[in-house]
Each structure stands twice: as C-alpha cells, then as structure tokens.
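What follows is each chain in one-letter form.
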Amino acid sequence: MFIRRHNVILGVMVLLLVCMAGYLATRYARYDFRGDLPHDLEQRIARAKLGSKIVTTLPARPGDVYGRGLQTPIIMAASRQVPSCFIDPSLIKKTIKVGETEQLVDDKEALCELLFDLARILKLSVGDLNVHLALRKEEYAFAQERSYRQKLAAWREAPDGPKPKKKSTELRFCWIKHELTRAELDALKTWKTDLAKRAKLATKTMADDVGQAYRKTQRNKTRAVGIQYEWRRSYPNGSCGATVLGYLNRNNEPGGGIHSSMANLLLSKDGRMVQYADVKRRAYKVDVKESEMPQDGCNIYLSIDLNIQNTLEKNIARACKKFEAQWGTGVVINPWTGDILAMANVPNYDPNLYNILPREEHHRMLNRAICMPYEPGSIFKPMIAASAVQLGTVNWDTIIDTGNGTYHAPRGGRISDHGARYGKISVRTGVVKSSNILMAIIGGKLGNQTLHSLLGTWGFGQETNICLPGESGGIVRPLDKWDGYSTPRVPIGQEVSTTALQVAMAYGAIANGGLLMQPRLVQKIVDANGKLLLDVPAHPLRRVLSKTVANQTLGVLEEVVQRGTGKNCKVPGYRVFGKTGTAQVAGVGGYLDGAYCGSFVGGAPAENPALICLISIYRPNRRIGYYGGTVAAPAVREVLERSLRYLQIPTQEETSADSQRPHSALDVNAGIRAGARSAGSIPIPSVSPGSERTWGALIPGSEIFPPHGGLTDTHKDAIQ
C-alpha cells in the first residue's frame, strides 16, 4: 500500500517536472542566447524597413575664425548651441469609424489647440503659425510629388531596378521658432509636463472610452512638439572686422567675407541618426549603416590683429564723420610678410544683426578695400618715379624744368601744379612737393609701352588673390587704348583705378627693400581635432625695385612727411614716411565737379619699417576739407602711433639706448626680412620664355618668383 502511494506521488512529481520543462521550453524558445534577442527580431526589423523610420539630425559645429592678439589668438567668429522648437503635425491624429472599420484621420481641433498653446508660450501669432504650417505642407507635398515623377521618368527611360514607389506626402517636420530664449524654453518644457499630468488626472473622472481618447490626444500633442539644438554663429567683437569675416545665416549659408571664400573648410556637415520605429513611432533599433556622424568645420586663423583693426576702424569713422564723407576705407600691413593686420570700411555693420539690416543699407557689407577701385591720384607717383630711377631714365637728382606751373604735353593737353610754380627742380623735390608737371615729363620720357608694363610689374590691373570674394583687379586699360593724354596722366594717378590693398602692397615693396609680397590673410588652418592642415608661409611675388633704389625711395617719402605735403602725419619719436594723394572722382562723361578722394599712405619707422597704413576718404565735404594731407594724414598718424606703441616698437631714443632689443612681436618671419635686406639671399629664377604675363621684365633683376603662396588649388585639394 505504501509502495503504491509512493509510486503515485513520484508519478505526479515526474508529470509536474515534464510540464515545467515544456513550459520553460516554450517560454525561452523565442530567445537566441548568443545575443539574448528574440528570434523574430530580424523579421520585425524587416517589417519595419517596409514601414517608417525616425531620422534625427545630428548638428555639426561650424569652424571658428580667430584673429591675432599681441600674444594669443582672439576669437572673431564663434558658434553656440541654441534651442529651437519644431512640430510633427502627422502625429496629431484621431480614430474614427467608417462603417465596420476604424481609420486614422487628422485631428484638426487638437492641432488648432496645439497652435494656440504654442503661440501663447512662444509669443507668436496664431494666424501666422497656421499660414506657415499650411505653406510648409504644400511645399513638402509638391517637393515629394516632383521627386517621385523625376524618379519615375528616369526609370521609364532606363528601367534598371525596381519601379520607384510613391512616398507619403504628409509633412513630418516643421520649424515653429528658432533660437528660443531661456524663458520660452522653460515655459515649453513646463507646458509639456503639465499637459501630461492634466491628461492623467482627467481620465479618472471620465468614462473609459472617452478618457482613453482624451489621454491619447494629449499624449500626441506633447509628442508632436520637439526641441532641437542648432549651432548659431556669434561675433563677440560686434562690427570689428565685419567686412572681412562676412556672416553665416540660419541655414549655414555664407554671406561674403572669409565665410564665403573658405566655406568648404569652415562649414560643417550635419550627421544623422536613423532608427527603426513601430506604428506608434517608438524607436527601438539604430540603423548603423544609414546613420552618419557629424563632421565639424575647420578653424581658421587670420593675420588680422584685433587691436590694430579696432584702431583703424575708429579713426576712419572719425574722419568720415568730421569731413562728412560718403565712405572711407583703410588697410594696415606688415611689409616684410605681407600680413594684412587690419582692413576696415566705414560705414560698417554688425554681423550678429545681418538679418535686420535694411536692403538699402546692404552697401555696408561691401569690403571697399578690395572691391571699389578708384583713381589713386598722387599716392601713385612714388612707384612711377622709383621705376624711372630703376630703369636709369632719371635719377633722384635729375633737374627737370616744370616752368611756371603749367605744362602742355605733346598731344596730351594741359597739366598744372594747382597754382604752384616750382621752375627747375630735382626729381626728389618734385615727388616731395607732389608736382604733376614733373611726373608728366617723366611719363613722356618713359613712353606708354613702358608705363603700361610698369603698372603690371607693381600689381596694378590684376587681383592680389587675397582669399576674399569680390576682389577687383582695378582698371588698367589695354595698351592700344592709350593715347597722348595717357602719357602725362597715368604717372599722376589718373586714367587708372586701383584698390586700397594694391596701393598698400606696392608701398610695402618700397619699405621692405623692393619685394612685392603676396598679401596674406589666412595664416593657418586647423581641423576640429586640433590637427594642423595648412600653414601658409609668407611669399614674395617678384622684385620690383633693387634694394638701393627702394631705400632711396624710402628716404624721399620720409622727406614728404618732414618738409612736404605729409606734415600732418608726424609721429613723435618715430621717423615716418608717406605720401598724400587728392584725386578727382570720375563720373559719366568726365570728372564730377567738387568730388574728390583724399588719401594718405604712411609707414614707420623709416629705418626699419614695421607697418604700412593707407586710408582713403571718399567724397568729403569740400567746404570742410578734401586734400589727402588734411582728411587722411591725421587718421594715419593716429593709427601708426597707437599701433607702434601697442606692438612695442622702440622709438629712436629707445633704439639708441638698447640696440639689441627685438624689433617687433609682429615680425614672425625673420627670414623674409633677411631676404629683403640682402640682395640675392632669396633665389630669383628666370622667367620662362613665352609666359603669358612677364611683368617686371623691364626692371633689372626683377624676374618673377615661383607661383605665389597662400591657398592655391593644390593646397585646397590637399586639405579636402
């Protein structure tokens, strides 16, 4: 009896064990223990591929732009993340019965309530929001339909692969407001939280079916509103250097300046995360193959010195205001390296507020130093006179009879010295006194063909390739368009148009011993990980003067400041050199009555130049003043004095007391200075025969250097 009972108990236990084993086998049969995932996951993913995916943009950071300080770089264009609000209107749905079936349709009432809430929180107009959303729906539907038709047409022409399927034209993403304030962001987050709480409480007092529908509607409204962070450009220094920088708009599209010319390096490439989603738009798997990591932009370091830039802008603005000028422009360079230390334009603008600048004020965005050529006037004379000395046509002590202040050039009309009568003077004195007649006679000795070639030698009539958009090469008419009137007028700065940058670089060649330098704005490029991609070297283009003639010309320009027309540019403690220029403004059919452009180019110290500064004031009020020595020279003096002190350039007294003191924190390329000082220390290869443009062939020893440095196509290809 006992044995039978024991067998029954044992049998029941075995049966229970068998049942438990069967249950466990059934329970865990769906799982793959190698990955601890359900066996049907691949099937679910395959079904999801035929359904919907969630694509999330991963914003990338645009590169920064840095300027130069005395010791450390200073950021000029940075990026910051800002929150923006968007909605997915496709999630605002409700279920209705059509016969025996249920269908999802747009819940217009819930969408209207949502727009009212967003308008209240974000301080927007409900009507504007509604119109904006309707337009975006139409645009998206039209774009999807057009894309489908194009793909279908291409498939019909070459039926290669499966026939394209028509995608849904339902809008899934729409921006509501960019750059939310902190208060708006907090209010939006609070609204989403409160909405979920209210829906949960309301369902307790409603019938089951009504409560569930209400709760689902409120949940859809909160899910439909999203916050996404975007990168936005900011300019900590406001309008300082704005025309050099340009700007980036909200769509990361460049607007002029370095942002346009270096867009392929500065701009970032957004990434994306692709996730599989179920019918309730719940993501559960990332598609690694289709997802892309964001690529941040490169950082660019400019030669612009923010302190010198600020000084230049303030002094140009002060001169324009004082003399009621239409506009002013200026450039400061290092003559040894060709570095652009400052490039300013007045009127200016703030790139942080580019989007509120009225259309009629868009001229403020022009970089007039490179895109607005003008007749240079007398600041053009030293280059022609120095070239004539270099060619042996005259020397600085050659005596030329300028008569009684009026000269009738052969087939060239009348030239005057504006009431002055210099009689017989040397070439040196003629440049110091800015005699038009003396320069006209030198032009006659050189001839049109030589003059035309000399202009190209100095870089006039051709772009400087400064890596900024919109640069003009100036205006130098073809030689066959020159006549007898051109011969005496080109040497005095008429019948040609130059940019401020071209003139500044020409004076830099006089200051550094005769080498025309490639202007350098971009010094180096660093990628987002800190790796140096490109270090742009200083580079000479060609020799335009011998060292001897360049030093002699520098001495003549120093006399201009000491006893000539540039007395207003004297700086205590420094030997300053420079030249004034007052040019008439050309218009349709001739020169405009009473319209002038006053300019001054100056540099210091004369014994070892560290800076060249040019300022041009366009169309000042003639009743107040219009001569270059009056409207521009004082501004150049202020820029030179402040900049020399800032750069710790020693005065004459300090130099004599400590001759071993370093010349300048600015002089970062001693090899360029050494090469400019010693003839032959920089190798000068011969010009290849038959080259398209052999500028400089008329000047002994002025062979062209290898192709200029900077951001060439080869450099850009290497970076990419």
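Up top you'll find the structure we're talking about.
All figures in this text were calculated on a predicted structure; none of them were measured in a lab. (Residues numbered from 1 in each chain as written. Predicted model: local features only at pLDDT ≥ 70, side-chain atom pairs only at ≥ 80, totals over all residues. Heavy atoms only, no water.)

Right, let's talk about the overall build of the chain for a bit. Counting its secondary structure elements, the chain contains 23 helices and 27 strands. The buried share of the chain, reckoned over its 720 residues, is 48%. In the chain, the share of contacts with a sequence separation of at least 24, taken over all contacts with a separation of at least 6, comes to 70%. A total accessible area of about 35,800 Å² is found for the chain, and carbon and sulfur atoms account for 52% of it. (Helix = DSSP H or I, 4+ residues; strand = E, 2+ residues; numbered from the N terminus. Buried < 20%, exposed > 50% of the residue type's maximum accessible area, 1.4 Å probe, protein only. Contact = heavy atoms within 4.5 Å. Areas by Shrake-Rupley, 256 points an atom, 1.4 Å probe, with all protein chains shown as cover.)

What follows concerns the nonpolar core. If you look at the biggest cluster of nonpolar residues, it comprises 100 residues, and the most contacted ones within it are Ile258, Leu302, Ile340, Met343, Trp458 and Leu521. By residue number, the principal contributor to this core is helix 17 (residues 500–511), which donates 10 residues. Looking at which domains feed residues into this core, each of domain 1 (58–158 + 167–297) and domain 2 (305–647) gives three or more. Contacts of Trp458, omitting those with residues within four sequence positions, involve Met383, Ser387, Ala506, Ala509, Ile510, Leu516, Arg542, Val544 and Leu545. In this structure, Cys569, Ala604, Tyr646 and Leu647 belong to the second largest nonpolar core, which totals 35 residues. (Core = buried A, V, L, I, M, F, W, Y, C linked by side-chain atoms within 4.5 Å. Domains from an automatic or database assignment.)

What follows covers a nonpolar patch on the surface. Judged by side-chain polarity, Val8, Val12 and Leu16 come together as a nonpolar surface patch covering roughly 280 Å² of accessible area. Its relative accessible area of 53% is what places Val8 among the exposed residues. (Patch = residues over 30% accessible without salt bridge, like charges linked within 9 Å, V, L, I, M, F, W, Y side chains within 5 Å. Salt bridge = Lys/Arg side-chain N within 4 Å of Asp/Glu carboxyl O.)

On inspection of all chains with the given rule, the structure shows 10 aromatic pairs. Ring plane angle 25 degrees and centroid distance 4.7 Å describe the contact between Phe86 and Phe173, whose orientation is recorded as stacked. You can see Phe86 sitting in strand 5 (residues 73–87) and its partner Phe173 sitting in the loop between helix 4 (126–157) and strand 8 (174–177), a full 87 residues away along the chain. A ring pair is formed by Tyr247 and Tyr354, whose centres lie 4.2 Å apart and whose planes are at 15 degrees; its orientation type is stacked. In this pair, Tyr247 is assigned in strand 10 (residues 247–248) and Tyr354 in the loop between strand 16 (340–346) and helix 11 (368–371), connecting sequence segments 107 residues apart. Members of the aromatic cluster, each reached through a chain of ring pairs, are Phe86, Phe173 and Trp175. Above the ring of Tyr301, the side-chain terminus of Lys524 is found at 4.7 Å from the ring centroid. (Phe/Tyr/Trp six-rings, centres within 6.5 Å; stacked < 30°, edge-to-face > 60°. Lys NZ or Arg CZ within 6 Å of the ring centre and 35° of its normal.)

All quantities given are derived from atomic positions and should not be read as evidence of function.
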